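If you want the building blocks of each chain, they are given just below.
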Amino acid sequence: MAFLGATISRVVRCHSLFPLPCGAGSRRYSSSSQSDHTAEKSVPYQNTLKQTEGGASGPTKPLPQSADVVVIGGGSLGCQTLYHLAKMGVSNAVLLERDRLTAGTTWHTAGLLWQLRPSDTEVELLAHTRNVISSELEMETGLNTGWIQNGGLFIASNKQRLDEYKRLMSLGKVYGIESFVLSPAETKDLYPLMNVDDLYGTLYVPKDGTMDPAGTCTTLSRAASARGATVIENCPVTGIQVKEDHLGVRRVKAVDTDFGTIETPCVVNCAGVWATKLGQMAGVNVPLIAMHHAYVVTERIEGIQNMPNVRDHDASVYLRLQGDALSVGGYEQNPVFWEEVSDKFAFSLFDLDWDVFMQHIEGAVNRVPALERTGIKSTVCGPESFTADHKPLMGEAPEVRGFFLGCGFNSAGMMLGGGCGRELAHWIIYGRPEKDMYGYDIRWVFVARFRSHESYAKNYSVVFPFDEPLASRNMRLDPFHKVLQDQGCVFQERHGWERPGWFSRQGAAPVLDYDYYGAYDVPQNINYKYNDLLGKEYTFSFPPHHDVIKEECLACRNAVAVFNMSYFGKFYLVGPDAKKAADWLFTADVNKAPGSTVYTCMLNKNGGAESDLTVSRLEPGLTRLPLAPEFNGDSYYLAVGGAVAQHNWSHIQTVLQDRGFRCSLIDQSEQMGMISIQGPKSRELLQEVLDADLSNEAFPFSTHRVVSAAGHQVRAMRLSFVGEMGWELHIPRDSCLPVYQAVMAAGAKHGVCNAGYRAIDSLSIEKGYRHWHADLRPNDTPLEAGLAFTCKMKSQIPFLGREALEAQKAEGLRKRIVCFTIEEKVPMFGLEAIFRNGIPVGHLRRSDFGFAIDKTIGYGYIRNPDGGVVSPEFVRSGEFTLERMGLTYKAKAHLKSPFDPENKRVKGFYSTP
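Residues numbered from 1 in each chain as written. Predicted model: local features only at pLDDT ≥ 70, side-chain atom pairs only at ≥ 80, totals over all residues. Heavy atoms only, no water.

Colleague: Account for the overall build of the chain, with residues named and values stated.
Modeller: Secondary structure summary: the chain contains 20 helices and 39 strands in total. At 28 Å, the chain has a C-alpha radius of gyration in line with the 29 Å of a compact globule built from 913 residues. Looking at the chain as a whole, 63% of its 913 residues qualify as buried. The contacts in the chain between residues at least 6 apart in sequence include a share of 74% that link residues at least 24 apart. For the chain, the computed accessible surface area is about 33600 Å², with 50% contributed by carbon and sulfur atoms. In the chain, which carries 93 positive and 102 negative side-chain charges, the distance between the mean positions of the two groups comes to 4 Å. (Helix = DSSP H or I, 4+ residues; strand = E, 2+ residues; numbered from the N terminus. Rg over C-alpha atoms; globule rule 2.2 N^0.38 Å. Buried < 20%, exposed > 50% of the residue type's maximum accessible area, 1.4 Å probe, protein only. Contact = heavy atoms within 4.5 Å. Areas by Shrake-Rupley, 256 points an atom, 1.4 Å probe, with all protein chains shown as cover. Lys, Arg positive; Asp, Glu negative; His and termini not counted. Charge placed at Lys NZ, Arg CZ, Asp CG, Glu CD.)

Written out as structure tokens, the structure reads:
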């Protein structure tokens with residue numbers, strides 16, 4: 001038997017004998033000798049579904065000839081998806097498992113469930129999982145899933161960590177999740193075996209708990225079977241048949257096995273670590289990485305019974321109650337990648353690499369000193385799948401219609417399984433999930449292998465509002481990148497693009513090659529200015545450069561600023577049915593005179609906003625790509641935020657396919673740059689650069705035209721995303737720098753400055769402009785979001801989602817977006833709780849500081865606690881407060897933007913002093 005304390009000293013003494021890999025590229029891993037450690041490898045569960053030697057060699061049930069849906073993979077996600085499909089009425093659904101249920105990853109998972117996360121959507125998903133596991137299944141089947149409600153305890157060793165927990169506590173109040181911030185002394189009373197000498201405080205969530213993999217999956221499969229679903233084990237899938245329809249669209253046709261073929265229009269890939277191989281069978285890319293993930297199980301610990309599970313994020317370790325023992329695991333900076341994924345690995349475990357795991361033992365012994373003299377009963381080291389952004393991969397694959405993903409759960413498949421299984425079932429049946437699942441949607445995922453390592457290593461890091469990744473950077477650069485970097489631009493990464501965040505006064509701060517945080521013997525970057533600037537952002541207070549962003553914002557409000565927005569998606573919609581497609585896709589009437597530009601939404605059939613964008617109707621002419629395509633009839637130029645461009649592209653393509661429109665999209669995102677010149681002095685500046693009359697009469701708001709800028713053809717659009725008079729210049733790539741240089745030279749006498757997206761965030765929220773996926777999501781309608789003006793409801797033109805909006809308008813709004821301002825100079829970032837007359841009614845989606853009005857501003861959706869209509873009078877008659885990290889602030893509610901509510905500035909009407 002090995003003792004945890006002895007393990008630490010032994011691994012430290014032997015460290016030079018068992019060095020870490022020579023380089024990250026080689027991916028070589030060494031293991032320390034196992035002679036000093038327990039050789040026992042077994043999970044700490046009383047029951048597993050592993051079959052004995054000589055068990056069944058063929059399918060447990062005959063294969064049907066056809067099925068409405070075939071779920072592949074019998075782990076947590078597969079069983080949850082099948083259960084929810086059956087519960088929603090899909091009785092002809094089949095689950096195929098190559099071995100036994102839970103095989104692969106689920107059987108060895110720690111099974112922890114924490115209810116609070118820094119994401120409102122994930123809080124809702126976790127709540128559904130908890131409800132299914134703790135009560136719904138038992139009521140339905142009479143079987144106990146193995147749920148244990150022993151509570152959860154989050155450890156904070158510094159102020160920033162405790163501030164993060166206080167944010168979670170405030171958000172939890174909106175969802176009715178009970179939690180308490182405890183002092184070190186109170187924590188000691190709750191958990192007597194804990195060392196609290198180095199604690200800043202803790203967050204205690206009494207109704208967190210622990211799930212049992214075998215009990216959960218068995219109960220789910222029985223409940224699904226009772227509703228008509230079929231579970232077939234010992235049946236590996238050997239192929240996915242795909243066919244092309246009359247439009248050339250690839251669709252799922254059938255699933256092949258050695259024991260027969262099942263005809264089906266829908267496959268759900270819940271194969272975990274093996275999901276990539278399954279995707280390849282259908283020509284679908286599944287970008288996940290397999291890694292070793294481990295924990296150890298201790299011998300009995302006196303006094304540990306009934307203690308809550310512990311997450312010590314700063315030590316990157318968790319302690320899971322296991323009866324009268326603990327399971328100890330965590331996330332390290334040097335995880336072992338599983339490069340050659342074996343099809344034979346079902347209920348197997350890897351040997352534990354003690355060199356890698358040692359850091360978790362140190363953290364565990366520090367937190368619970370009794371572990372130092374506690375034996376290690378067994379080790380559990382199994383495969384887990386991880387993704388670039390540490391979020392699952394879900395939804396319909398863009399390559400093949402009818403091929404859905406439910407994989408890449410980053411060790412959270414059990415606790416997210418219930419919520420995600422329900423959403424995936426809804427996605428399959430109705431075409432869209434009920435909740436906002438954009439963050440999980442495979443259609444927007446940007447493949448970045450090295451990012452998977454960083455996401456794993458930072459899994460327990462504090463989630464700060466303005467953090468940026470260091471891995472997989474500089475992948476998509478626009479023509480302005482170098483010149484802006486030289487001027488001190490601090491870049492943000494969005495979908496592979498480097499876009500300006502803000503401009504430092506300390507000179508260039510380039511993003512360097514990824515150093516794996518010094519792991520795998522990769523030399524760590526030193527004197528890394530970009531990383532140092534990020535580190536100063538690690539606060540829930542105003543950052544040190546708050547005044548720099550203020551200067552950028554006020555330059556835009558009072559003079560003129562230039563924003564590089566080149567990362568925007570730039571698409572052309574062309575073809576014989578382009579007008580029909582535009583009428584159906586866009587909520588606004590975009591078929592105005594050529595030269596018009598319209599702000600509009602795109603909806604799903606439930607009326608939820610899949611996008612907001614600008615659509616410009618083009619006039620036939622001699623201009624060629626990238627400024628315009630060759631076309632006959634109608635053509636439209638679509639400009640959409642770069643972070644969501646792929647989502648927009650996929651949504652449009654899906655609609656075109658479903659409706660059979662004869663038209664196509666042309667992507668010119670990489671071929672054009674885009675700068676936006678905004679502010680009261682923008683007209684004076686641009687009049688020196690462009691060969692066009694920029695007066696209100698000659699070039700009104702919401703129009704566009706091709707003009708000459710310093711001798712180069714560009715498309716100029718009079719638009720604003722910051723609430724000022726201004727123009728966007730859409731510029732062919734080779735002309736970008738000459739045009740930019742001409743703009744900056746002409747603007748020098750007007751006080752022109754560069755500005756970034758941190759300024760855009762502040763300026764746009766001050767004006768009340770929406771950000772898609774913050775203020776506007778796929779489960780928010782334009783009516784709820786205050787964007788009814790974008791909908792052609794007074795016309796007779798049908799559009800996708802119109803019927804849902806008409807029904808909602810007739811019934812009245814059950815939620816409504818509201819603007820809030822507070823007088824105190826305190827930062828807010830979103831997720832703060834909203835109270836009306838002392839009762840929680842919602843939370844902020846987005847918040848920032850407005851420098852022109854000198855106030856913190858937040859936008860959030862509120863509901864009537866009685867379930868009734870949220871009318872303007874309901875808003876006006878309430879007294880509102882916002883809760884930030886446990887403290888409440890009196891707030892003023894606004895139904896219109898407090899800044900320029902009459903929209904005079906964007907139209908060029910500025911009052912003289």
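From this point, the narrative continues.
Colleague: If you had to explain the side chain of Ser385 to someone new, which residues and values would you point to?
Modeller: Its place among the elements puts Ser385 in strand 18 (residues 375-386). Taking relative accessible area as the criterion, Ser385 reaches 6% and is therefore assigned buried. Once residues lying within four places of it in the same chain are set aside, the contact partners of Ser385 are Gly272, Val273, Leu288, Ile289, Gly408, Phe409, Asn410 and Ser411.

Colleague: I'd like a rundown of helix 14 (residues 578-585), residues and numbers included.
Modeller: Given 3.6 residues per helical turn, the α-helix brings residues three or four places apart onto the same face. The buried count for helix 14 comes to six of eight residues, which makes it a mostly enclosed element. Turning to helix 14, its buried residues number three or more, namely Ala578, Ala581, Ala582, Asp583, Trp584 and Leu585. In this fold, the buried residues of helix 14 make contact with strand 24 (569-574), strand 25 (597-603), strand 27 (635-640) and helix 15 (645-659).

Colleague: Any chance you could break down the packing of aromatic side chains for me, citing the residues and the numbers?
Modeller: In this structure the tally under the stated criterion is 32 aromatic pairs. Relative to Tyr516, the ring of Tyr514 lies with its centre 4.8 Å away and its plane at 45°, an arrangement referred to as tilted. Summarising the burial analysis for this pair, Tyr514 and Tyr516 share the class buried. Arranged with centres 6.4 Å apart and planes meeting at 35°, the rings of Tyr528 and Tyr530 form a pair that is tilted. (Phe/Tyr/Trp six-rings, centres within 6.5 Å; stacked < 30°, edge-to-face > 60°.)

Colleague: If you had to explain the nonpolar core to someone new, which residues and values would you point to?
Modeller: Among the nonpolar cores identified, the biggest contains 117 residues, and Val69, Val268, Cys420 and Phe563 are the most heavily contacted of them. Take this core: its biggest share by element is eight residues, from helix 9 (residues 413-430). Once residues within four sequence positions are removed from consideration, Phe563 is found in contact with Cys556, Met674, Ile675, Ser676, Gln678, Val722, Ala755, Gly756, Ala759, Ile760 and Leu763. By size, the runner-up hydrophobic cluster in this structure holds 64 residues, among which are Val267, Ala275, Trp338 and Val400. (Core = buried A, V, L, I, M, F, W, Y, C linked by side-chain atoms within 4.5 Å.)

Colleague: If you had to explain the sheet that holds strand 33 (residues 753-755) to someone new, which residues and values would you point to?
Modeller: Read from one edge to the other, the open sheet built from six strands follows the order 30-31-32-29-23-33, with strand pairing classed as mixed. With one partner strand each, in any of the chains shown, strand 30 (704-709) and strand 33 form the two edges of the open sheet. Going from strand to strand, the sheet's axes swing by 30° on average, the running direction of each strand aside. Together, strand 23 (561-564), strand 29 (672-678), strand 30, strand 31 (712-717), strand 32 (726-732) and strand 33 form the strand contacts of helix 17 (residues 736-747), whose direction differs from that of strand 32 by roughly 150°. (Pairing = 2+ DSSP bridges. Axes fitted to C-alpha atoms, helices over the stretch in contact; angles between N-to-C directions.)

Colleague: Can you break down the pattern of salt bridges residue by residue, with the values?
Modeller: When the charged atoms of two side chains with opposite charge come close together, those side chains can pair. Counting across every chain of the model gives 52 salt bridges. Between Arg367 and Asp198 there is a salt bridge whose closest N-O contact spans 2.9 Å. Taken together, the residues Arg367 in helix 8 (residues 354-367) and Asp198 in the loop between helix 5 (184-190) and strand 7 (201-205) connect sequence positions 169 residues apart. Classification of Arg367 by relative accessible area gives buried; the value is 1%. Taking the relative accessible area as the measure of exposure, Asp198 reaches 33% and is therefore partly exposed. (Salt bridge = Lys/Arg side-chain N within 4 Å of Asp/Glu carboxyl O.)

Colleague: Which residues make up unusual backbone geometry, and what are the values?
Modeller: Residue Pro626 is reached from Leu625 by a cis peptide bond, and omega for that bond is 10°. With respect to the helices, strands and loops of the structure, Pro626 is situated in the loop between strand 26 (609-617) and strand 27. A positive phi angle, close to 80°, is found at Thr102, a residue other than glycine. Along the chain, the position of Thr102 falls in the loop between strand 3 (93-96) and strand 4 (112-113).

Colleague: I'd like to hear about helix 8, residue by residue, with values.
Modeller: Helix length check: helix 8 (14 residues) gives 19 Å between terminal C-alpha atoms against 20 Å at 1.5 Å per residue, within 8%. Restricting attention to buried positions, one finds in helix 8 the residues Trp354, Asp355, Val356, Phe357, Met358, His360, Ile361, Gly363, Ala364, Val365 and Arg367. (Expected span 1.5 Å × (residues − 1).)

Colleague: Run through the sheet that holds strand 28 (residues 664-667), naming residues and quoting values.
Modeller: Read from one edge to the other, the open sheet built from five strands follows the order 25-26-27-24-28, with strand pairing classed as antiparallel. Both outer strands of the open sheet, strand 25 and strand 28, are each paired with one neighbouring strand and no more. Neighbouring strand axes in the sheet, compared pairwise and without regard to direction, differ in orientation by 30° on average. Here helix 14 sits on the sheet and contacts strand 24, strand 25 and strand 27; the angle it forms with strand 24, its principal contact strand, is near 125°.

Colleague: I'd love a proper account of the packing of helix 3 (residues 120-141) against helix 6 (residues 213-226), names of residues and values included.
Modeller: At a minimum axis distance of 10 Å, the contact between helix 3 and helix 6 shows a crossing angle of 45°. Judged by the angle between their axes, helix 3 and helix 6 are oblique. Viewed along their axes, helix 3 and helix 6 form a crossing whose handedness is left-handed. On the side of helix 3, the interface is formed by Val132, Ile133, Leu137, Glu140 and Thr141, while helix 6 contributes Thr216, Thr219, Leu220 and Ala223. (Parallel < 35°, antiparallel > 145°, perpendicular 65-115°, else oblique. Left-handed = near helix turned anticlockwise from the far one by under 90°.)

Colleague: Could you give me a rundown of the confidence of the model for the chain, with the residues and numbers involved?
Modeller: For the chain, the average pLDDT comes to 93, and 94% of its residues sit at 70 or higher. In the predicted structure, residues 8-36 sits below a pLDDT of 50 and forms 48 contacts with residues beyond four places in sequence or in another chain. (pLDDT = per-residue confidence, 0-100.)

Colleague: So what about the pairing of strand 24? Which residues, and what values?
Modeller: With six of its six residues buried, strand 24 lies for the most part within the structure. Of the two faces of strand 24, the one carrying Gly569, Phe571 and Leu573 and the one carrying Lys570, Tyr572 and Val574 are both buried. By the bridge criterion, four bridges tie strand 24 to strand 28 in an arrangement that is antiparallel. Across the sheet, Tyr572 pairs through a bridge with Ile666, a residue of strand 28.

Colleague: Break down the environment of Arg422 for me, citing the residues and quoting the values.
Modeller: The topology assignment puts Arg422 in helix 9. In this structure, the C-alpha to C-alpha distance between Arg422 and Gln80, residues 342 residues apart in sequence, is 7.3 Å.

Colleague: Quick one: what's the story with the side chain of Ser452, residue by residue and with numbers?
Modeller: Secondary-structure assignment places Ser452 in helix 10 (residues 449-457). What makes Ser452 buried here is its relative accessible area of 2%. If we ignore the near neighbours within four places in the chain, the residues touching Ser452 are Ile289, Met291, Phe386, Thr387 and Ala388.

Colleague: Please give an account of the pairing of strand 26 that cites residues and values.
Modeller: Counted residue by residue, strand 26 has nine buried out of nine residues, so it is predominantly covered. For strand 25 and strand 26, the ladder comprises seven bridges, and the chain directions are antiparallel. Opposite Leu603, over in strand 26, you have Ala609 as the bridge partner. Taken together, strand 25 and the strand that follows it, strand 26, pair antiparallel across an intervening segment of five residues, in which Gly607 is found at a positive phi of about 90°.

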